[in-house]
Amino acid sequence: MSFEIRKIVSYVEETLIEGGKATDKPVTMVGLAVVMKNPWSGRGFVEDLRTEIKANCSELGALMVQRLVDAIGGAEKIEAYGKAAVVGADGEIEHASAVIHNLRFGNHYRQAVNAKSYLSFTNKRGGPGTSIQIPMMHKDDEGARSHYVTLEMQIEDAPRADEIVVVLGASDGGRLHPRIGNRYIDLEELAAEQAQ
């Protein structure tokens, strides 16, 4: 691995009851995080980030997707997906973005789950123990609000000032008791209201 990885962290959350109501099918969300040295840290303003992206992001994406798929029990179980990156204090938001916002990284995940939707995301700056939110959406239907879910996790000692935490998230279902409909219902209702 060309990026210098300090640790790999997995987080698993299984929800059985929501709003006081149990479910027949629990929902499992998994976060897979890589804590890596920021390759641009300490170099001043780096004009072109593409050298490191082209050299390292595909390998990182392949590693992370395989570990995530293994953690949730197979690519076929994944219904919702997303990604996140947190850069330490000595880095730029652009450094976090550079690692996750490129096809060399993201296509590994899209292809593994045969997805149609784009990968929802967050990227931010933070210190050790910062809250990491991984927003997710249905892998095939951006309008399926039932699968607008967010996994939250933290790593007590990351990111350090010269690190980036890169995270992939997966869910084997949506919220337990979705009741707000999808965006297509809203579009139909708004069109009907405007036609009156």
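Residues numbered from 1 in each chain as written. Predicted model: local features only at pLDDT ≥ 70, side-chain atom pairs only at ≥ 80, totals over all residues. Heavy atoms only, no water.

Enquirer: Explain the overall build of the chain to me, please; I cannot follow it from the model alone.
Expert: Broken down by element type, the chain carries 4 helices and 7 strands. Order of helices (α) and strands (β) in the chain, N terminus to C terminus: β-β-α-β-α-α-β-β-β-β-α. Over its C-alpha trace the chain gives a radius of gyration of 18 Å, about what one expects of a compact globule, namely 16 Å for 196 residues. Judged by the C-alpha coordinates and their principal axes, the chain covers about 60 × 40 × 30 Å. Long-range pairs, those at least 24 residues apart, make up 78% of the contacts in the chain between residues at least 6 apart in sequence. Entry remark: accessible area of the chain is about 9900 Å², with carbon and sulfur atoms responsible for 48%. (Helix = DSSP H or I, 4+ residues; strand = E, 2+ residues; numbered from the N terminus. Rg over C-alpha atoms; globule rule 2.2 N^0.38 Å. Contact = heavy atoms within 4.5 Å. Areas by Shrake-Rupley, 256 points an atom, 1.4 Å probe, with all protein chains shown as cover.)

Enquirer: I tried to follow the packing of aromatic side chains on my own but got confused; where do I start?
Expert: One pair of aromatic rings is described through two measures. These are the centre distance and the angle between the planes. Inspection of the entire model under this criterion finds 1 aromatic pair. Each ring, one from Tyr-81 and one from Tyr-109, has its centre 5.0 Å from the other, and the planes form 75°; the classification is edge-to-face. On the criterion of sequence distance, the pair formed by Tyr-81 in strand E3 (residues 80-87) and Tyr-109 in helix H3 (residues 103-112) is long-range, its members being 28 residues apart. The pair formed by Tyr-81 and Tyr-109 is uniform in burial state, with each residue classed as buried. (Phe/Tyr/Trp six-rings, centres within 6.5 Å; stacked < 30°, edge-to-face > 60°. Buried < 20%, exposed > 50% of the residue type's maximum accessible area, 1.4 Å probe, protein only.)

Enquirer: Could you clarify how one ought to interpret the nonpolar core in this entry?
Expert: Of all hydrophobic cores here, the largest spans 34 residues; its most connected members are Leu-60, Tyr-109 and Val-166. Taken together, the elements giving at least two residues each to this core come down to strand E2 (21-37), helix H1 (50-72), E3, helix H2 (93-100), H3 and strand E7 (163-171). If one sorts the elements of this core by residue count, H1 sits on top with 8 residues. The residues contacting Tyr-109, other than those within four sequence positions of it, are Val-65, Leu-68, Ile-78, Ala-80, Tyr-81, Gly-82, Leu-119, Leu-168, Gly-169 and Ala-170. If you look at the next biggest cluster of nonpolar residues, it comprises 19 residues, including Met-29, Val-86, Met-136 and Ile-155. (Core = buried A, V, L, I, M, F, W, Y, C linked by side-chain atoms within 4.5 Å.)

Enquirer: Help me out: how do you make sense of the pairing of strand E6 (residues 149-153) in this one?
Expert: Note on strand geometry: in a regular strand, side chains alternate between the two faces of the sheet. Side chains Val-149, Leu-151 and Met-153 of E6 all project onto a buried face; the interleaved residues Thr-150 and Glu-152 project onto a face where none is buried. In this sheet, E6 lies alongside strand E5 (residues 132-138) in antiparallel orientation, the contact comprising 5 bridges. Residue Pro-135 lies in a different strand from E6, and its bridge partner there is Thr-150. (Pairing = 2+ DSSP bridges.)

Enquirer: Could you clarify how one ought to interpret the pattern of salt bridges in this entry?
Expert: Pairing is possible between side chains of opposite charge, provided their charged atoms come close. Counted according to the given criterion, the structure contains 7 salt bridges. With a closest N to O distance of 2.9 Å, Glu-52 and Arg-43 form a salt bridge. With a shortest N-O distance of 3.0 Å, Asp-140 and Lys-139 are connected by a salt bridge. Judged by its relative accessible area of 13%, Lys-139 is buried. Salt bridges here are not isolated pairs; linked through shared partners, they connect Arg-6, Lys-7, Asp-157 and Glu-163. (Salt bridge = Lys/Arg side-chain N within 4 Å of Asp/Glu carboxyl O.)

Enquirer: Can you walk me through H1 in this structure?
Expert: Spacing of three or four residues puts side chains on the same side of an α-helix, whose turn is 3.6 residues. With 23 residues, H1 should cover 33 Å at 1.5 Å per step; its first-to-last C-alpha distance of 32 Å lies within 8% of that length. At Asn-56, H1 shows its maximal kink, close to 45°. If you check which residues of H1 are buried, you get Glu-52, Ile-53, Asn-56, Cys-57, Leu-60, Gly-61, Met-64, Val-65, Leu-68, Val-69 and Ile-72. At the C-terminal side of H1, Gly-73 shows a positive phi close to 95°. (Expected span 1.5 Å × (residues − 1). Bend = angle between axes of the 7 residues up to and from the residue.)

Enquirer: Would you mind showing me how to read the environment of Val-166 here?
Expert: With respect to the element layout, Val-166 can be found in strand E7. For the pair Val-166 and Ala-96, spaced 70 residues apart in the sequence, the C-alpha separation amounts to 7.7 Å. When residues no more than four places from it in sequence are discounted, the contact partners of Val-166 are Leu-32, Ala-33, Val-34, Met-36, Leu-60, Met-64, Ala-84, Val-99, Ile-100 and Phe-105.

Enquirer: Just to check I follow, could you spell out the side chain of Ser-41 for this structure?
Expert: Note that Ser-41 resides in the loop between E2 and H1. In contact with Ser-41, other than residues within four places in its own chain, are Asp-90 and Asp-162.

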